[in-house]
Structure formats: C-alpha cells, structure tokens
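# Descriptive analysis of the structure
What follows is the residue order along each chain.
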Amino acid sequence: MATIVFILIVLALFIVFLYTTFWRDKWIRNRTFPSEWQALLESSLPVYSVLSREEQSRLRQLILLFLAKKRFYGCGGLEITDEIRVTVAAQACLLLLNQGWNVYPKLLSVLIYPSAFRAERELMQEDGTVAKMGHDLLGESWSNGKVILSWDDVSRGVADFTDGQNVVLHEFAHQLDGQSGYTNGAPALRRNSYKSWSKVFSQNFDDLKSRTQHRQATVIDKYGTTNPAEFFAVATETFFEKPHDLYKRRPDLYEELRRYYQVDPREWH
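Quantities reported herein were computed from a predicted structural model and do not represent experimental measurements.

### Let's talk about the sheet that holds strand β2 (residues 109-113)
Pairing within the open sheet is mixed, and its four strands lie in the order β1-β2-β6-β5. In this open sheet, the two edge strands, each paired with only one partner strand, are β1 (71-74) and β5 (139-141). Here the strands of the sheet are splayed against their neighbours by 15° on average, with no regard to which way each runs. Of the strand pairs in this sheet, β2 and strand β6 (residues 146-150) are connected by five bridges, and their pairing is parallel. Looking across to β6, one finds that S109 is bridged to K146. Packed on one face of the sheet, helix α5 (residues 151-159) meets β2 and β6 and runs near 75° to β6.

Here it is as structure tokens:
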C-alpha cells in the first residue's frame, strides 16, 4: 500500500512539474521581444528578413526561451553583451524553427572566448602511450550541458551566411545529435526513416572521403570526413548556408536534412 501511495505522489509531482513548465514556457514565449534585440536579430541573422512572418514570430519566441533558460559566460576577459547573446541564440534557434518548443533541453550554458581557444586532449600514440596535444579550437559541444564558442568566428559566420562555414550551426547540430544519447551523426528522428537516414548519410560520408582523398571538389567541407558526427554537423552548415549547391550535388542528403529540420533554406537564399 505504501509503495502505491509513494508512486502516486511521485506521479502527481511529475504532472505538476510538466504543467508548471508548460505554462512558464508559454509565458516566456509571449513576452514582448525587446526592440533592441529586434535590431540585433535583423543584423545578426542575414536570412531573418526573408523568413515568413510566421517563421519570424516563431524564431523570436524560441530566442526568448533560449535566453531565459541558458546562461552565458565570458571567458578570456570577454564581456557578455546582448549582441553576443542574441547573435548566438538566433543562429542556434534557426535549427529549431519548425521543431516545436524543446530548446536544447540538455544544454545549460554557453561559454564564449574572444577568439580561437586552446584545448588539450589526450591522444593514443602508435606505440600505445598517451600524449597530451594542444589544439586551437573555434568551438566545442559537450554532452555535460555546455557549448564553447569563439566570438571572432561567430562574427565571421554572421558576416558571410553563404560560405558553408558557421561555428554556431555546427556546434548546435552536435547538441541535436547528442539528444539521441550518442553523438554519432544519427540524431533522434521523428519524420525521417532511420533506414533511409543511415543509407543516405553513409553513402555521402564515404563519397566525401573518396573525393577528398582524390583531391576532387566538394560542396561539403572536408572536415566532415573526420567521423559521422562531424559529417552531420558540417552537412548542417552547408544545408543552411549553401542550400542550392547541396541540393544540386547531393539531392538525397538535402532531402533527408530538409525532412529533419522541416525547413527549405533554398527559399531564403
């Protein structure tokens, strides 16, 4: 009897939590979008002006949710400003435009460095020993609730939204990928077929590696050959920034991404 009562109490608390969260999020979404943020949004997301009015409204609501729930921290002496927060949030939320209101639930904080930051990693050597290697990074996405970005490179991504290079889209694609439990290039799928996704991504990943090895031109950056997770992140950058090129050269991959993100960026460019 006591066990049943305990289960009922836990269930009731869970329902109250969901109910409270739903109404709190709805209240946040319906708040007035500050005029200062509107000006920053228009300058920090080049495609904003060509979105439909409904898409613009949804994006603003997603940004309000994102900025209410995620903490920003300046690193290396960088002071966090509204420009930084809105610029990052706008691009991160573009990935979620037609995917409901679940705004990166595992993400807690965004760390911003002034420029590329140094990170040390342990790498296994051929002789079996482990050595620490330093790398200059533009961004990182972690499964423990944080994304790290270089502000210089975030700004560079905003300045040219047609070159297929965007560190915010890249790192937040990793966040979406990790929601399945593993960051392996196979995010949780709701509309795509896992069979089709696996086939299309495997074939395109292998083709990119082959073309890179033979020094042939590719629409997707060769960094995508690192592993399937990086391929998904780089393909996402290309999908949003060079949609016509991606559709022309890799139509099957484009269609999988279009179905997953529920947007067609060709309409924006």
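### As for the nonpolar core
Soluble globular proteins: nonpolar side chains tend toward being buried together. F66, Y104, L149, F172, L257 and Y261 are the most contacted members of the largest nonpolar core, which has 67 residues in total. The leading source of residues in this core is helix α4 (residues 82-94), at eight residues. Sequence-distant contacts of F172, defined by excluding residues within four places in its chain, comprise F66, V88, A92, L95, Y104, L107, V110, V147 and L149. Of all hydrophobic cores here, the second largest spans five residues; its members include C75, L111, L137 and I148.

### Considering the pairing of β2
Within β2, four of the five residues are buried, which leaves the element mostly enclosed by the surrounding structure. Tracing the backbone out of β1, into α4 and back to the parallel element β2 gives a crossover that is left-handed.

About the criteria used
As a convention, each chain's residues are numbered from 1 in the sequence order in which they are written. Under the rules for a predicted model, residues below a pLDDT of 70 receive no local features and side-chain atom pairs below 80 are neither given nor counted, while totals for whole chains, interfaces and linings still include all residues. Side-chain measures were taken over the full set of non-hydrogen atoms in the model, leaving aside hydrogen atoms and water. Pairing between strands is defined by DSSP: at least two bridges between the two strands are required. Numbering of helices and strands starts at the N terminus; helices are DSSP runs of H or I of at least 4 residues and strands are runs of E of at least 2. Here an angle of 0 to 180 degrees is reported between the N-to-C directions of two axes, which are lines fitted to C-alpha atoms, with helices fitted over the stretch in contact. Residues count as neighbours in contact if any of their non-hydrogen atoms are within 4.5 Å of one another. Buried Ala, Val, Leu, Ile, Met, Phe, Trp, Tyr and Cys residues form a nonpolar core when they are joined through side-chain atoms within 4.5 Å. For each residue, the accessible area found with a 1.4 Å probe, counting protein chains only, is set against the maximum for its type, and the residue is called buried under 20%, exposed over 50%, and partly exposed in between. We call a crossover right-handed when, viewed with the strands running away from us, the connection from the first strand over the helix to the second turns clockwise.

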